[in-house]
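Observations on the three-dimensional arrangement
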Amino acid sequence: APIQAPDLASCNTPEIPDTATGLSCCLPYRPGTAIVDFVPPPASAPLRVRPAAHLVDKKCLAKYERAVALMKKLPDKDPRSFAQQWRVHCAFCDAAYDQVGFPDLDIQVHNSWLFFPWHRFYLYFHERILGKLIGDDTFALPFWNWDAPDGMAFPAIYNNRSSPLYDEKRNPAHLPPFTLDLDYNGTDSPIPRDQQIKQNLTIMYRQMISSAKRTELFLGQPYRQGDQPDPGAGSVENVPHNPVHLWTGDTRQPNGEDMGIFYSAARDPVFYAHHGNVDRMWHIWRGLRPGNTDFTDPDWLDAAFLFYDEDARLVRVRVRDCLDPATLRYAYQDVGLPWLNAKP
Ligand code: C2O
């Protein structure tokens, strides 16, 4: 059977490091709150075209900053507030909810076939909330284009101290223009920029093509109701998704906060740009493979999650509803795939 949407009435203290105790990640919830089933936006809704973060123009940046500033000003108890938005990630990474009917088994959205769909919905609602706050139904989140040379550094728009996109807790040695290492393991390698870029492109080829020939190799291992969490991540979740988190997090913090550890990762606004590109990789992987390459297993297709939407309604979504970005009325700016011919 598929993993079911959690029972929000029973939320546990998250399992996070001692240095961060006192944190609750529970979603705001009053028993009896109506849950509505997800309906995709009408096909006539405007398409939100997510831009590469390094190509965002002034006007678009100003909108994005205004939206995040407004989100940060919402009262903490509003499920659309930034304070709640980042906690959602903590809740589904750090054991806040048990699987329905299995009090000893957590819901964990990483290291399994739930990784891509859960994060897709997470960004989908986050983006719509931001758009609603500025009254713009074309608003689209930028993506960190780390698979292309021009995106292989921390995106500069997040590195302005007076911007709501700024976060103190980042590795000070990795601010732009320092070159990103897609396979970062905790130590900077002293190789020249052009060599690092070449290496990164080879990694992208490997993770997207050679190591991702079967669906579970890319999307991750099956994880059903009653299963232990963490059956195994797909290629891109492992690398570069994980190393980019680690590379961004602040080595002066006890656990690499914010980006370097699950519970606090989404407290850094760059999280949503990082996951934009992760999500883009799913879409690209699918496009590179003729025929339908999604799982057809109903335990995947009917796995369900809960999110609050832009009207603060509680929505039950299923994996089958998120397979095609066009149905969700968003797309990615076309920036090319420089790693496609980086076969080692
Ligand atoms: Cu939910 Cu990048 O992790």
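This write-up is about the structure you can find in this document. (Residues numbered from 1 in each chain as written. Predicted model: local features only at pLDDT ≥ 70, side-chain atom pairs only at ≥ 80, totals over all residues. Heavy atoms only, no water.)

1. Quick word on the overall build of the protein
Check the secondary structure of the protein and you find 9 helices and 7 strands. In terms of overall size, the protein behaves like a compact globule, its C-alpha atoms giving a radius of gyration of 19 Å where 344 residues would be expected to give roughly 20 Å. With respect to the three principal axes, the spread of C-alpha positions in the protein is 60 × 50 × 45 Å. Buried positions account for 55% of the 344 residues belonging to the protein. Looking at the protein as shown, the accessible area adds up to about 14,200 Å², and 51% of this sits on carbon and sulfur atoms. (Helix = DSSP H or I, 4+ residues; strand = E, 2+ residues; numbered from the N terminus. Rg over C-alpha atoms; globule rule 2.2 N^0.38 Å. Buried < 20%, exposed > 50% of the residue type's maximum accessible area, 1.4 Å probe, protein only. Areas by Shrake-Rupley, 256 points an atom, 1.4 Å probe, with all protein chains shown as cover.)

2. Side note on helix H6 (residues 235–248)
For H6, which comprises 14 residues, the first-to-last C-alpha distance of 20 Å matches the rise-based estimate of 20 Å (1.5 Å per residue) to within 8%. The sharpest bend along H6 reaches about 30 degrees and sits at histidine 241, with the proline proline 243 one to four residues further on. Among the 14 residues that make up H6, 11 are buried, leaving the element largely enclosed by the rest of the structure. Within H6, the full set of buried residues consists of Ser235, Val236, Glu237, Val239, Pro240, His241, Pro243, Val244, His245, Trp247 and Thr248. At its buried positions, H6 is contacted by helix H3 (115–133), helix H4 (193–210), helix H5 (215–219), helix H7 (262–265) and helix H8 (270–288). (Expected span 1.5 Å × (residues − 1). Bend = angle between axes of the 7 residues up to and from the residue. Contact = heavy atoms within 4.5 Å.)

3. With respect to the environment of asparagine 242
Among the secondary structure elements, asparagine 242 is positioned in helix H6. Judged by its relative accessible area of 29%, asparagine 242 falls in the partly exposed class. Considered as a pair, asparagine 242 and isoleucine 261 are 19 residues apart in the sequence and their alpha carbons are 9.7 Å apart. There is a polar contact of 2.9 Å between the side chain of asparagine 242 and the side chain of histidine 241. (Polar contact = N/O pair within 3.5 Å; in protein donor to acceptor, adjacent residues only side chain to side chain.)

4. What to know about the pairing of strand E6 (residues 314–318)
Relative to E6, strand E1 (residues 35–37) is paired through 3 bridges, and the arrangement is parallel. Paired with valine 36 across the strands is valine 315, a residue of E6. Judged from the 5 bridges that link them, strand E5 (residues 304–308) and E6 form a sheet pairing that is antiparallel. The partner of leucine 306 across the bridge, within E6, is arginine 316. Where E5 hands over to E6, the hairpin turn is made up of 5 residues, of which alanine 312 adopts a positive phi near 60 degrees. (Pairing = 2+ DSSP bridges.)

5. Points about the state of the cysteines
What the rule picks out here adds up to 2 disulfides. Bridging cysteine 11 to cysteine 26, the disulfide has an S-S length of 2.0 Å. The chirality of the disulfide connecting cysteine 11 with cysteine 26 is left-handed, given an S-S dihedral of about -95 degrees. Of the two residues, cysteine 11 sits in the segment before E1 while cysteine 26 sits in the segment before E1, which places them 15 residues apart along the sequence. (Disulfide = S-S within 2.5 Å.)

6. Digging into the sheet that holds E5
Ordered in space as E1-E6-E5, the 3 strands form an open sheet in which the pairing is mixed. Each having just a single partner strand, E1 and E5 make up the two edges of the open sheet. Strand-to-strand twist of the sheet, defined as the mean angle between neighbouring strand axes without regard to direction, takes the value 35 degrees. Across the sheet, H3 touches E5 and E6, and the angle it forms with E5 is around 15 degrees. (Axes fitted to C-alpha atoms, helices over the stretch in contact; angles between N-to-C directions.)

7. Describing the packing of H4 against H8
The interhelical angle for the contact between H4 and H8, taken along N-to-C directions, is 60 degrees, at an axis separation of 10 Å. Put simply, H4 runs oblique to H8. Taken together, the residues of H8 that come into contact with H4 (itself represented by Met204, Met208 and Ile209) are Met281, Ile284, Trp285 and Leu288. Per-class residue counts for the contact of H4 with H8 are 7 nonpolar, no polar and no charged. (Parallel < 35°, antiparallel > 145°, perpendicular 65-115°, else oblique. Nonpolar A, V, L, I, M, F, W, Y, C, P; charged D, E, K, R; others polar.)

8. Regarding helix H2 (residues 82–93)
Taking 1.5 Å of rise per residue, 12 residues should cover 16 Å, and H2 covers 18 Å from first to last C-alpha, within 8% of that figure. Of all 12 residues in H2, 12 are buried, a share of seventy percent or more. Structurally, H2 contributes buried residues whose contacts are with helix H1 (58–73), H3, H7, H8 and E5. In the segment just after H2, alanine 95 is the residue with positive phi, at about 65 degrees.

9. Digging into unusual backbone geometry
Here the amide bond leading from proline 176 into proline 177 is cis, since omega sits at 10 degrees, within 30 degrees of zero. For the bond from glutamate 257 to aspartate 258, the omega torsion is -5 degrees, close enough to zero to count as cis. Along the chain, the position of aspartate 258 falls in the loop between H6 and H7. At alanine 312, a residue that is not glycine, the phi angle is positive and equals roughly 60 degrees.

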